[in-house]
Amino acid sequence: MATALPVQAQERLKVVASFSILGDFVKNVGGDRVDVTTLVGPNGDVHVYTPTPADAKKIADARLVIINGLGLEGWLPRLIQASGGKAPIITATRGITPLRLGSDADPHAWQSVASAKVYVANIRDALAAADPADAEMFLANARRYQAELDALEAAVRAAVEKIPPARRKVISTHDAFGYFAAAYGVEFIAPEGVSTETEPSARDVGAIISQIKSAKIPAVFLENISDPRLVSRIAAETGAKVGGTLFSDALTDEKGVCPTYIEMVRHNIKALTSALGN
Ligand code: ZN
């Protein structure tokens, strides 16, 4: 890591986060001592993003760049190189054992709240290293936020507990909920893989339709970052109900229903419990 220069008293630490969920973590830990911008904005798809010249400028101006890693931001290395930026690049998933789907690492670790706490710890340490004068504040903010995440984790577990075990299975558009599934025991099946880059084949969709019928999967969900048509078609062909929208890889803007990570997880568990509870 590069040696951090001292931050002037009034100057806020410029941090770039690759997408909105990381941006929210940085805001919670950095408070008013950081100026955070995100590259992939509200409801954006971070898997297939096309960077702009403005993004290169943001990277060039940043003192710290926070990324998810695990192959999520395939477009980022070239952007960083093109920007000429020299800021340290921090991988927020460091220390998390990735789930695998075939040969691919599953990048969606934030969908487990326990893993989100690891992200927050990594971000706290990175901010403290970049701006040692504010380290105590980052520590205190992270502690407070992690306590909120502990309460959130308990709420998710309590909500899943109320769903009858046989009904704990759903269809989503892409495989974004593997960590949620592993942590909380709800099974997710998706026509698209861990990335949205490739469209599912007719055979993949056919297999899912058979699976929904034979396994009596009660509900299918739309995602905020994906085209709703595929899931709507699957619902129509199987009679499964559309349980609403799950927020997978992006928050909404301030006016939307999920402007923060905590609101996103709360929204998702509410959507799941209302569709899957009797
Ligand atoms: Zn995804």
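Structure report, in brief. All figures in this text were calculated on a predicted structure; none of them were measured in a lab. (Residues numbered from 1 in each chain as written. Predicted model: local features only at pLDDT ≥ 70, side-chain atom pairs only at ≥ 80, totals over all residues. Heavy atoms only, no water.)

**Re helix H2 (residues 53-61)**
Next, step 1: Within the span of H2, buried status applies to Asp55, Ala56 and Ile59. The buried side chains of H2 occupy one side of the element, clustering within an arc of 100 degrees when seen end-on. For H2, the exposed residues set more than 90 degrees away from the buried face come down to Pro53 and Lys57.
Next, step 2: Along its buried surface, H2 packs onto strand S1 (13-19), strand S2 (34-40), strand S3 (64-67) and helix H3 (76-83). (Buried < 20%, exposed > 50% of the residue type's maximum accessible area, 1.4 Å probe, protein only. Helix = DSSP H or I, 4+ residues; strand = E, 2+ residues; numbered from the N terminus. Arc of directions from axis to C-beta. Contact = heavy atoms within 4.5 Å.)

**What about the sheet that holds strand S8 (residues 187-189)?**
Next, step 1: Reading across from one edge, S8-S7-S9-S10 is the order of the four strands in this open sheet, with parallel pairing throughout. Only two strands of the sheet have a single partner each, and these edge strands are S8 and strand S10 (241-246). Here the strands of the sheet are splayed against their neighbours by 35 degrees on average, with no regard to which way each runs.
Next, step 2: Where strand S7 (residues 169-171) and strand S9 (residues 219-223) come together, two bridges link them in parallel fashion. Residue pairing in the sheet places Ile171 in a bridge with Val220 of S9.
Next, step 3: Strands S7, S8 and S9 of the sheet are contacted by helix H7 (residues 202-215), whose axis makes an angle of about 155 degrees with S7. (Pairing = 2+ DSSP bridges. Axes fitted to C-alpha atoms, helices over the stretch in contact; angles between N-to-C directions.)

**Looking at the coordination of the zinc ion**
Next, step 1: Those donors, His47 (NE2), His108 (NE2), His174 (NE2) and Asp249 (OD), are the protein atoms that reach the zinc ion, and they lie 1.8 to 2.0 Å from it.
Next, step 2: Geometry at the zinc ion is tetrahedral, judged from its four donor atoms and the angles of 97 to 122 degrees they form at the metal.
Next, step 3: Expressed as a motif, the donor residue spacing for the zinc ion is H-x60-H-x65-H-x74-D. Here His108, found in the loop between strand S6 (104-105) and helix H4 (113-130), pairs with His174, found in the loop between S7 and helix H6 (178-184); they are 66 residues apart in sequence, far enough to count as distant. For the pair His108 and His174, a shared accessibility class is recorded, and that class is buried. (Donors = N, O, S within 2.8 Å, 3.2 Å for Na, K, Ca; no water. Tetrahedral: all angles 85-135°; square planar, octahedral: opposite > 155°, others 65-115°.)

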